[in-house]
Amino acid sequence: MNNNTNQQEISDGSSYPTLVVTKYMGSKKAILPFIAAELERLTDPGDIIVDLMAGTHTIGFALKSRCRIVANDIQRYSMVIGQTLLNYKPDPRFDGEALNHFKRYYTVNMRHLEELFGPGLSVERSLLSTKSNRHTTWTEYRDFCESYPYFMRPERPPGWDEDYLITFSRQRVEAYRTLNKLEPYNLFSLYYPNSYLGVRQCAEIDSLRYATDKLCDEWIPDHENEGYRSFELRCLLLSALIGVLSRANPGPGHWAAFPRVNQKNCNYLITQRRIPLLELFLRKVRSFEENLAEQDSRFTPHITKNEDYEVFMEEVHEYIRKARVIYLDPPYSQGHYSRFYHLIETLVRYDYPEISHAGRYRTDRHQSPFAHKEKVAGALGIVCKTARAAGTTLVISYSRGGIIPDQKAFVKILRGFYPRKKIEVKRISSEHSKLGQARRMKTEEYIFTCLP
Ligand SMILES: C[S@@+](CC[C@H](N)C(=O)[O-])C[C@H]1O[C@@H](n2cnc3c(N)ncnc32)[C@H](O)[C@@H]1O
């Protein structure tokens, strides 16, 4: 446990370490001992575990001191988290000159944005002010949020100068898309103000993102002799930024929707939007570094990829053959991760995407076959076939009430590829937090172990 953090990122209660970068649907943190003990039973120290859909890398982090991890996920943010959790060595620390330069870059971008988004920032400043003579009514704050401009807003927002509205125009965004890394960085300020974050918070995220690139692209390459490594440091800083977005999120642990201001939630939203993100970011970096310093692995570098599972299995076929276990933890409900976690995907890609829907999702979202009733058996079959052909044990975790509804239905699919005596099933009862709903749902978690 770390005393410097405002959230407990490491807990040793289970004897398996955890480091939570963001809240994540289907994270195995709550049932980690159940899954990790099974993987431990099936492996010897130094064996390879392939984590096919690694998400927030709960399993890899828990077992990286025992096994070599080859991890994959279709979402780019997952690879960033994986690099940090599995491979980052906090030596040297992100401190001293590197930190000073980072803060300088942050300030340069922030100054630009303070000019560019001045009108919005100044109204927000007065609405969020903590001065006792200023009381913001919930309708005032709602009207500000509802009438605020953003890129691709379908209707013209009332009350803003034409010059200010041009800032959010397609023409400007096209220029940012074409001229990659055009300055200042302002994607979040154009896309998400007064949705998942406040106006100033968007500018802070843009400036933190800018400082990350600037430091890793320009300053670090000249200081590699001091032990800094661009790619690793970039992943650590992006992971901390993901952590910041997760903490500042007014929603329940994903970004499928943001709350509209109303009488009930107004104070809460204002409190969230007052959180200063630079300070939060620096605390996250420090706490991640401290935690990672305690969780070394002699098997680094572990491998992290960002592919569709099918492409990945072909690409790393040698590892699949050599691995002792393939661990599959697929989506089990109809919601697509690409929708729930679009915001952190865009943070990592920073590519000024097309967006749609009230939730401002990127339009190029991946649709997983595991989240489709008609496709799930075929998708599962591809993994079974590959594991069998490679002679590698396959371990799958799944939840009752998913797209494949229960144990019987799941085993029926597995029986298309494995004889009954090769399939072992373990179960525990658990409660799902059902992000967004107060009531926790009782369910059962399964492990299906398919022996080669
Ligand atoms: C249940 S989550 C994994 C959770 C993870 N074990 C953890 O503890 O954080 C399922 C993951 O499958 C990934 N995924 C969905 N479809 C995929 C595909 N076709 N190829 C690779 N990954 C996929 C999602 O992005 C998501 O991170």
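Residues numbered from 1 in each chain as written. Predicted model: local features only at pLDDT ≥ 70, side-chain atom pairs only at ≥ 80, totals over all residues. Heavy atoms only, no water.

Q: Would you mind going over the pairing of strand 7 (residues 393-399) in detail, with residue names and values included?
A: Across the 7 residues that make up strand 7, a large majority, 7, are buried. Because side chains alternate across strand 7, one face comprises the buried residues T393, V395, S397 and S399, and the other comprises L394, I396 and Y398, equally buried. Here strand 4 (residues 325-328) runs beside strand 7; their pairing, made up of 4 bridges, is parallel. Note that in strand 7 the partner of I326 across the bridge is L394. (Buried < 20%, exposed > 50% of the residue type's maximum accessible area, 1.4 Å probe, protein only. Helix = DSSP H or I, 4+ residues; strand = E, 2+ residues; numbered from the N terminus. Pairing = 2+ DSSP bridges.)

Q: Could you give an account of the packing of helix 10 (residues 199-219) against helix 11 (residues 230-248), naming the residues involved and the relevant values?
A: Their axes nearest at 9 Å, the elements helix 10 and helix 11 cross at an angle of 170°. Judged on the interaxial angle alone, helix 11 and helix 10 are roughly antiparallel. Packed against helix 10, whose contacting residues are I205, L208, R209, T212, D213, L215, C216 and D217, the element helix 11 presents S230, L233, R234, L237, L238, L241, V244 and L245 at the interface. For the contact of helix 10 with helix 11, the per-class residue count stands at 10 nonpolar, 2 polar and 4 charged. (Axes fitted to C-alpha atoms, helices over the stretch in contact; angles between N-to-C directions. Parallel < 35°, antiparallel > 145°, perpendicular 65-115°, else oblique. Contact = heavy atoms within 4.5 Å. Nonpolar A, V, L, I, M, F, W, Y, C, P; charged D, E, K, R; others polar.)

Q: How would you summarise the packing of aromatic side chains if you had to cite specific residues and measurements?
A: Any pair of aromatic rings gets described here by the distance separating the centres and the angle formed by the planes. Going through the model one piece at a time under the given rule, you end up with 32 aromatic pairs. Summarising the aromatic geometry, the rings of F94 and F102 are spaced 5.5 Å apart at their centres and angled 90° between planes, so their arrangement reads as edge-to-face. Like F102, F94 is buried. On the basis of an interplanar angle of 85° and a centroid distance of 5.3 Å, the ring pair of Y164 and F168 is categorised as edge-to-face. An identical accessibility class is assigned to Y164 and F168; each is buried. The rings of F151, Y176, Y185, F188, Y191, Y192, Y196, Y210, F258, Y350 and Y352 are connected pair by pair, giving a single aromatic cluster. (Phe/Tyr/Trp six-rings, centres within 6.5 Å; stacked < 30°, edge-to-face > 60°.)

Q: Talk me through unusual backbone geometry; I want residue IDs and the actual numbers.
A: Going from E183 to P184, the amide bond is cis rather than trans, its omega being -5°. The topology assignment puts P184 in the loop between helix 8 (170-178) and helix 9 (187-191). Of the consecutive residues T300 and P301, the connecting peptide bond is found in the cis state with omega at 0°. Note on placement: P301 falls in the loop between helix 13 (277-294) and strand 3 (303-305). Not every positive phi belongs to a glycine, and Y352 is a case in point at roughly 45°. Relative to the assigned elements, Y352 resides in the loop between helix 17 (342-349) and strand 5 (355-356). For Y352, a relative accessible area of 4% translates into the label buried. The backbone phi angle of H357 is positive, close to 70°, even though this residue is not glycine. Its location among the elements puts H357 in the loop between strand 5 and strand 6 (361-362). Look at H357 and you get exposed, because its relative accessible area is 57%.

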